[in-house]
Amino acid sequence: MNEVYQQTLSDQLNFSGKGLHTGKISNVKILPGVENQGIIFKRVDLENNNLIKANFSNVTSAKLCTTLQNEFGVQVSTVEHLLASLYIIGIDNAVIEIDNVEVPIMDGSAKDFLEILKKKEIKKLNAKRKYLKILDKIELVDGKREISIEPNETALEVNFQLNYKNNVIGNQKNCVNFQFDDLTDIYQSRTFCLFDDIEKIKKLGLAQGGSLDNAVVVKDDKVLNDGGLRNKKEFVNHKILDLVGDFLLSGYRVLGKVNCYQGGHELTNNFLRKIFSKKKSYELFQHKDIIISKKINLNQSTKIAVNA
Ligand SMILES: [Zn+2]
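Please read these numbers as outputs of a predicted model, since none were measured by experiment.

This next bit is on the pairing of strand 2 (residues 13-18). Consecutive residues of a regular strand have side chains that alternate between opposite faces of the sheet. The alternating pattern of strand 2 places Leu13, Phe15 and Gly17 on a buried face, while none of Asn14, Ser16 and Lys18, on the opposite face, is buried. A loop of six residues connects strand 2 with strand 3 (residues 25-32), the two strands running antiparallel in sequence, and Gly23 in this loop sits at a positive phi of about 75°.

The following block contains the structure:
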């Protein structure tokens, strides 16, 4: 979705839901943003110092979800699936008011968020969209986990591989081009966990709102949810969704090909920090001509307007 101009919502939207980790209900209002503002969370349950910019430099914890914190210690957590929805639908600027610390988990994927967002028109703003284009390969290795990005002129492409001892999850791979591919399987894929890990996670005070309504739970060789998986590669597809949500924290649409093995929120956040430390390996610009391979058959929804 390489639009020429930045976009926001035409009108405000409201929804509510339970937080995965806190188990508490949050009421959320998404308001149209102004150009170059980016995505800003506003904790309306607090009177002061309640703005938190959705930026990778504000990530303080990325263990089981992505938590943002401003300079005053005010936090908002589990932001990644909502951010992924904004990336997918093409929103660059918005103010997200929330009256609690955690973004609702909804059905554990980005499906509900996208259905809510589609209720309002997308509005074009006057400023051109901002891009981060990778010029040279950058990589980060952390034990067995690896992530790298190399140049791709036209799109964000994510090639992800998961490797679990559990046979149901096993070794899953998928490669998705966010400009040209159908993203239905990506945004419908739910967060997941192993049944055997649930007690451990709950003892840490996390996943208090977790249930089969908002997560895929795998026990031995079985998926415990009624109806099983939503798509064959739901596990790796969810990891790709997480990655794109975390990438929106760069503040830019990214042009590059990501290869990730066994990654997660923490690795992605450390990687964004590394990318921004390698100033010669990327270029930042507002929309300009993007050269598209002639092999790609453009249709209305994927057309890139050529702009001087
Ligand atoms: Zn997730």
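Of the pockets and cavities examined, the largest pocket occupies roughly 870 Å³. If you trace the largest pocket, you find 35 residues lining it, with Leu64, Tyr164, Phe192, Cys193 and Lys239 closest to the centre. Listed by contribution, the elements that provide at least two residues to the lining of the largest pocket are helix 1 (80-89), strand 16 (192-194), helix 4 (195-203), helix 5 (234-247) and helix 6 (265-277). Ranked by the residues each element gives to the lining of the largest pocket, the list is headed by helix 4, at four residues.

Turning our attention to the domain arrangement of the protein. By the assigned domains, the protein splits into domain 1 (5-130) and domain 2 (131-184 + 228-302). For domain 1 and domain 2, the distance between their C-alpha centroids amounts to 20 Å. Taken together, the 32 residues of domain 1 in the interface contact 28 residues of domain 2. For the pair domain 1 and domain 2, the two sides together bury roughly 2500 Å², of which 60% comes from carbon and sulfur. The three residues of domain 1 that bury the most area against domain 2 are Phe56, Tyr87 and Lys130, which together make up 37% of that side's buried surface. Counting across the interface, domain 1 meets domain 2 through two salt bridges.

This part covers the pairing of strand 11 (residues 130-134). Here strand 11 lies mainly inside the structure; four of its five residues are buried. Pairing of strand 11 with strand 20 (residues 282-286) involves five bridges; the strand directions are antiparallel. Across the sheet, the residue bridging to Lys130 is Gln286, located in strand 20. Sheet analysis places strand 11 next to strand 19 (residues 253-261), joined by three bridges and oriented parallel.

In this section: the packing of aromatic side chains. By the definition in use, this model includes eight aromatic pairs. Plain terms: the ring middles of Phe56 and Phe276 are 4.7 Å apart, the flat faces sit at 15° to each other, and that makes the pair stacked. Placement of Phe56 in the loop between strand 5 (51-53) and strand 6 (59-61) and of Phe276 in helix 6 is noted, with a sequence separation of 220 residues between them. According to the relative accessible area criterion, Phe56 is buried, its value standing at 11%. Between Tyr131 and Phe285, the ring centres sit 5.6 Å apart and the planes meet at 25°, which makes this aromatic pair stacked.

The next point concerns empty space enclosed by the protein. Using the criterion set out here, one finds one cavity of 30 Å³ or more in the structure. The volume enclosed by the largest cavity comes to roughly 40 Å³. Looking at the largest cavity, the residues that line it are Phe160, Lys239, Asp242, Leu243, Asp246, Gly263, Gly264, His265 and Thr268. Contributing elements (two or more residues each) for the lining of the largest cavity: helix 5 and helix 6. Of the residues forming the lining of the largest cavity, the biggest block, four residues, is contributed by helix 5. Grouping the constituent residues of the lining of the largest cavity by class yields two nonpolar, four polar and three charged.

Attention now goes to the coordination of the zinc ion. Protein coordination at the zinc ion comes from His81 (NE2), His238 (NE2), Asp242 (OD) and Asp242 (OD), with a distance range of 2.1 to 2.7 Å. In primary sequence terms, the donor set of the zinc ion follows H-x156-H-x3-D. Here His81, found in helix 1, pairs with His238, found in helix 5; they are 157 residues apart in sequence, far enough to count as distant.

The next point concerns the sheet that holds strand 8 (residues 75-77). Whenever strands of a sheet pair, they do so through backbone hydrogen bonds, lying parallel or antiparallel. What the three strands build is an open sheet, ordered 6-7-8; its pairing is antiparallel. Every other strand in the sheet has two partners, leaving strand 6 and strand 8 as the edge strands with one partner each. Strand-to-strand, the axes of this sheet are offset by a mean angle of 35°, without reference to chain direction.

Okay, the pattern of salt bridges next. Summed over the entire model, instances satisfying the criterion amount to 11 salt bridges. Of the charged contacts, one joins Asp45 and Arg43 as a salt bridge, the two residues approaching to 2.8 Å between their closest N and O atoms. The partner of Arg145 in a salt bridge is Asp142, with the nearest N and O atoms 2.6 Å apart. Look at Asp142 and you get partly exposed, because its relative accessible area is 35%.

Attention shifts here to the environment of Asn177. One can find Asn177 in strand 15 (residues 171-177). C-alpha separation for the pair Asn177 and Leu156, spaced 21 residues apart in sequence, amounts to 6.0 Å. Residues contacting Asn177, with those up to four places away along its chain left out, are Ala155, Leu156, Glu157 and Leu183. Within the structure, Asn177 has its side chain in polar contact with the backbone nitrogen of Gln179 (distance 2.8 Å).

Criteria and cut-off values
- Residues numbered from 1 in each chain as written.
- Predicted model: local features only at pLDDT ≥ 70, side-chain atom pairs only at ≥ 80, totals over all residues.
- Heavy atoms only, no water.
- Buried < 20%, exposed > 50% of the residue type's maximum accessible area, 1.4 Å probe, protein only.
- Helix = DSSP H or I, 4+ residues; strand = E, 2+ residues; numbered from the N terminus.
- Pairing = 2+ DSSP bridges.
- 1 Å grid on protein atoms, 1.4 Å probe; cavity = no way out; pocket = protein on both sides within 12 Å on 5 of 7 lines; lining within 4 Å.
- Points joined across faces, edges and corners; volume = space filled by probe spheres on them.
- Domains from an automatic or database assignment.
- Contact = heavy atoms within 4.5 Å.
- Buried area = accessible area lost by both parts, 1.4 Å probe.
- Salt bridge = Lys/Arg side-chain N within 4 Å of Asp/Glu carboxyl O.
- Phe/Tyr/Trp six-rings, centres within 6.5 Å; stacked < 30°, edge-to-face > 60°.
- Nonpolar A, V, L, I, M, F, W, Y, C, P; charged D, E, K, R; others polar.
- Donors = N, O, S within 2.8 Å, 3.2 Å for Na, K, Ca; no water.
- Axes fitted to C-alpha atoms, helices over the stretch in contact; angles between N-to-C directions.
- Polar contact = N/O pair within 3.5 Å; in protein donor to acceptor, adjacent residues only side chain to side chain.

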